[in-house]
Amino acid sequence: MILLDGKLTSEQIKEELATEVAKIKSKGKRAPHLAAVLVGLDGASLTYVNSKVKSCEKIGFGSTLIQLEESTTEAELLAVIDGLNKNAEIDGFIVQLPLPKHIDEQKVIMAIDPDKDVDGFHPTNFGRMALELPAFIPATPYGILELLERYQVETSGKNIVVIGRSHIVGRPMSILLSQKRTVGDATVTVAHSRTKDLKSITKQADIIVAALGIAEFLTGDMVKDGVVIIDVGITRVQDATKKSGFRLAGDVHFESVAPKSSYITPVPGGVGPMTIAMLMKNTLLAYNRR
Ligand code: GUN
């Protein structure tokens, strides 16, 4: 069993990006700049957004964190987005999800200028991605492609089961892996909450991407020997032995699945850090396109 070390790989990518930024700065040009909007006080979201800002600093990007109150109205948030769309100093920005219930997420995503949509969530980018046109690829699926590529995991002709059909991970992941691309050409099955006899499907999988958001859902009896496991889950599970009061659990029951797998991502330290590295990569892309 080989660990797909997302932490190490993401550090390598960030070093590559830092080199690029140093070159840009040495020519007397301004650095790429990413902004992040966070609405409310969700603990996990705050942690993610802070990691994104910290990564910007490490690479040499400019960054702006806009923190808005939970009670922010949809109109107020749309006005902030309009300002970021028009701000020439900002190359790309993200609105951290989930948003408070009184705000229409789709409406917010639609308001983002597709040229600054480094999350790749706008229908223009999603459509371009699906049609294999140049686009911002959502950072989590993009990070998974990059991890598989750098570890030279073969996907061509393989049976891949993606569990979960979210707009951010499962759906784009299934599209990308079925495309004709370096990491792709797979036969992809999308499984979800209405799938019948999931175990009979996952047992056939050469690669499983678990992105359903249920802690330790995929267990050893559901996979075949030699399977490649990508665990996208990151759920806070109560744990009185931890100072924080919780531990982070993936969608995969690591203890029973790891011994049967050829490659597996750990949680934390797998997909999570890769997501941040690819967001940085998308920000540099946005900068270079302008
Ligand atoms: N919430 C969970 N993942 C993401 C992400 O990649 N981008 C944004 N904006 N919100 C998220």
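Residues numbered from 1 in each chain as written. Predicted model: local features only at pLDDT ≥ 70, side-chain atom pairs only at ≥ 80, totals over all residues. Heavy atoms only, no water.

Student: Talk me through the packing of helix α1 (residues 6-26) against helix α2 (residues 43-59); I want residue IDs and the actual numbers.
Tutor: Taken N-terminus to C-terminus, the directions of α1 and α2 make an angle of 50°; their axes are 8 Å apart at the nearest point. The angle between the axes of α1 and α2 places the two elements in the oblique class. Every residue of α2 that contacts α1 at Glu 11, Lys 14, Leu 17, Ala 18 and Val 21 is listed here: Ser 55, Lys 58 and Ile 59. Residue classes in the contact of α1 with α2 are distributed as 4 nonpolar, 1 polar and 3 charged. (Axes fitted to C-alpha atoms, helices over the stretch in contact; angles between N-to-C directions. Helix = DSSP H or I, 4+ residues; strand = E, 2+ residues; numbered from the N terminus. Parallel < 35°, antiparallel > 145°, perpendicular 65-115°, else oblique. Contact = heavy atoms within 4.5 Å. Nonpolar A, V, L, I, M, F, W, Y, C, P; charged D, E, K, R; others polar.)

Student: Can you lay out the sheet that holds strand β4 (residues 92-95) for me, pointing to particular residues and giving the numbers?
Tutor: The strand order β3-β2-β4 describes an open sheet built from 3 strands, whose pairing is parallel. With partners counted over all chains shown, the strands left at the sheet margins are β3 (62-68) and β4, one partner each. With direction set aside, neighbouring strand axes in the sheet form an average angle of 15°. Note that strand β2 (residues 33-39) and β4 share 4 bridges and pair parallel. In the strand pairing of β4, Val 37 is matched with Val 95. Across the sheet, α2 touches β2, β3 and β4, and the angle it forms with β3 is around 160°. (Pairing = 2+ DSSP bridges.)

Student: Provide a residue-level description of a nonpolar patch on the surface, including the pertinent values.
Tutor: A cluster of nonpolar residues, Tyr 48, Ile 234 and Leu 248, forms a patch on the protein surface that exposes about 210 Å² of accessible area. Counting through the fold element by element, Tyr 48 comes out in helix α2. (Patch = residues over 30% accessible without salt bridge, like charges linked within 9 Å, V, L, I, M, F, W, Y side chains within 5 Å. Areas by Shrake-Rupley, 256 points an atom, 1.4 Å probe, with all protein chains shown as cover. Salt bridge = Lys/Arg side-chain N within 4 Å of Asp/Glu carboxyl O.)

Student: Describe the packing of α1 against helix α10 (residues 271-289), naming the residues involved and giving the relevant values.
Tutor: Two elements in contact, α1 and α10, have axes whose closest approach is 8 Å; the angle formed by their N-to-C orientations is 20°. When the axis of α1 is compared with that of α10, the two are roughly parallel. The crossing of α1 and α10 is left-handed. Every residue of α10 that contacts α1 at Gly 6, Lys 7, Thr 9, Ser 10, Ile 13, Lys 14, Leu 17, Glu 20 and Ile 24 is listed here: Pro 273, Met 274, Ala 277, Met 278, Met 280, Lys 281, Leu 284 and Tyr 287. Here the contact of α1 with α10 is built from residues that sort into 10 nonpolar, 3 polar and 4 charged. (Left-handed = near helix turned anticlockwise from the far one by under 90°.)

Student: How would you sum up the site of the ligand? Please name residues and give values.
Tutor: Around the ligand sit Lys 52, Val 95, Gln 96, Leu 97, Asp 119 and Phe 121, and that is every residue in its neighbourhood. Val 95 places a main-chain nitrogen or oxygen 2.8 Å from a nitrogen atom of the ligand. At 2.6 Å from a nitrogen atom of the ligand is found a side-chain nitrogen or oxygen belonging to Asp 119. Residues that form the shell around the ligand fall into these classes: 3 nonpolar, 1 polar and 2 charged. (Near = heavy atom within 4 Å. Polar contact = N/O pair within 3.5 Å; in protein donor to acceptor, adjacent residues only side chain to side chain.)

The quantities given are spatial measurements derived from coordinates; they are silent on function.
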